Amino acid sequence: MNAKAIIQSIEADYMKEKGSLPSLNVGDTIKVGVRIQEGGKERVQPFEGTIIAMRNGGINETITVRKIFQGVGVERVFLLHSPKIADIQVIRRGKVRRAKLYYLRDRVGKATRIKQRFDRPIEKAAKTKTKTKAK
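The structure contained in this document is the topic of the report that follows. (Residues numbered from 1 in each chain as written. Predicted model: local features only at pLDDT ≥ 70, side-chain atom pairs only at ≥ 80, totals over all residues. Heavy atoms only, no water.)

Focus on the overall build of the chain
Secondary structure assignment for the chain yields one helix and five strands. When its helices and strands are written in sequence order, the chain yields α-β-β-β-β-β. Taken over 135 residues, the chain has a buried fraction of 28%. A separation threshold of at least 6 residues defines the contact pool for the chain, and within that pool the share at least 24 residues apart is 55%. Carbon together with sulfur atoms contributes 52% to the accessible area of the chain, which is approximately 9,600 Å² in total. (Helix = DSSP H or I, 4+ residues; strand = E, 2+ residues; numbered from the N terminus. Buried < 20%, exposed > 50% of the residue type's maximum accessible area, 1.4 Å probe, protein only. Contact = heavy atoms within 4.5 Å. Areas by Shrake-Rupley, 256 points an atom, 1.4 Å probe, with all protein chains shown as cover.)

Observations concerning the pairing of strand 2 (residues 41–55)
With ten bridges joining them, strand 1 (residues 29–38) and strand 2 adopt antiparallel strand pairing. Residue Val-34 lies in a different strand from strand 2, and its bridge partner there is Gln-45. Taking the residues that link successive antiparallel strands as the turn, the strand 1-strand 2 hairpin has two residues, and the phi of Gly-39 there is positive, at about 65°. In terms of strand pairing, strand 2 meets strand 3 (residues 62–69) through five bridges, oriented antiparallel. Looking at the pairing, Met-54 lines up with Ile-63 of strand 3. Hairpin connection of strand 2 to strand 3: six residues between the antiparallel strands, including Asn-56 at a positive phi of 60°. (Pairing = 2+ DSSP bridges.)

Some words on unusual backbone geometry
Within the chain, Asn-56 stands out as a residue other than glycine whose phi angle is a positive 60°. Tracing the sequence through the fold places Asn-56 in the loop between strand 2 and strand 3. When its relative accessible area of 55% is taken as the criterion, Asn-56 is described as exposed. Positive phi, close to 50°, is recorded for Gln-70, a residue that is not glycine. Looking at the secondary structure, you find Gln-70 in the loop between strand 3 and strand 4 (72–79). A residue is classified by how much of its surface remains accessible, and Gln-70, at 72% relative accessible area, is exposed.

Some details on the sheet that holds strand 2
The five strands lie next to each other as 4-3-2-1-5, forming an open sheet whose pairing is antiparallel. For this open sheet the edge positions go to strand 4 and strand 5 (85–92), each flanked by a neighbour on one side alone. The average undirected angle you get between the axes of adjacent strands in this sheet is 40°. Both strand 3 and strand 4 contribute to a ladder of eight bridges, which runs antiparallel. Bridge assignment links Thr-62 to a residue of strand 4, and that residue is Leu-79. (Axes fitted to C-alpha atoms, helices over the stretch in contact; angles between N-to-C directions.)

Regarding a positive patch on the surface
Together, Lys-95, Arg-97, Arg-98 and Lys-115 give the surface a local cluster of positive charge. Assignment of secondary structure puts Lys-95 in the segment after strand 5. Its relative accessible area of 54% is what places Lys-95 among the exposed residues. (Patch = residues over 30% accessible without salt bridge, like charges linked within 9 Å, V, L, I, M, F, W, Y side chains within 5 Å. Salt bridge = Lys/Arg side-chain N within 4 Å of Asp/Glu carboxyl O. Lys, Arg positive; Asp, Glu negative; His and termini not counted. Charge placed at Lys NZ, Arg CZ, Asp CG, Glu CD.)

Brief notes about the side chain of Arg-93
If you trace the backbone, Arg-93 turns up in the segment after strand 5. Polar side-chain contacts of Arg-93 include one of 2.8 Å to the backbone oxygen of Ser-23. At a separation of 3.4 Å, a polar atom in the side chain of Arg-93 contacts the main-chain carbonyl oxygen of Pro-121. (Polar contact = N/O pair within 3.5 Å; in protein donor to acceptor, adjacent residues only side chain to side chain.)

Okay, here's the thing in structure tokens:
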């Protein structure tokens, strides 16, 4: 077995045991629970925004989420299978015709609205229960 085949088998095993993620698409409004360490404590901080891009696949899959906070656009890239992600909830399905929504960066206010899509149901993802010990 070469190195590439070994890595693929490890990734496949990890994907089987990982908790299920909801089906995500570009244009969806989601709430990502991010684990934050503050001192010796750990808490989950929600980040709610619109998915403007999805990249890669499998274990390396990432999404770019954009939200407006106090009049300033904030974008964050999340590695979907990272242990830092506690849970992902789909708030609203978006109807878009592009794979990347980078044009939203240039728009302000009501121009950033995305039509809602009703043909896909909103499913809740199971929360991943991973216990970490605080030092």
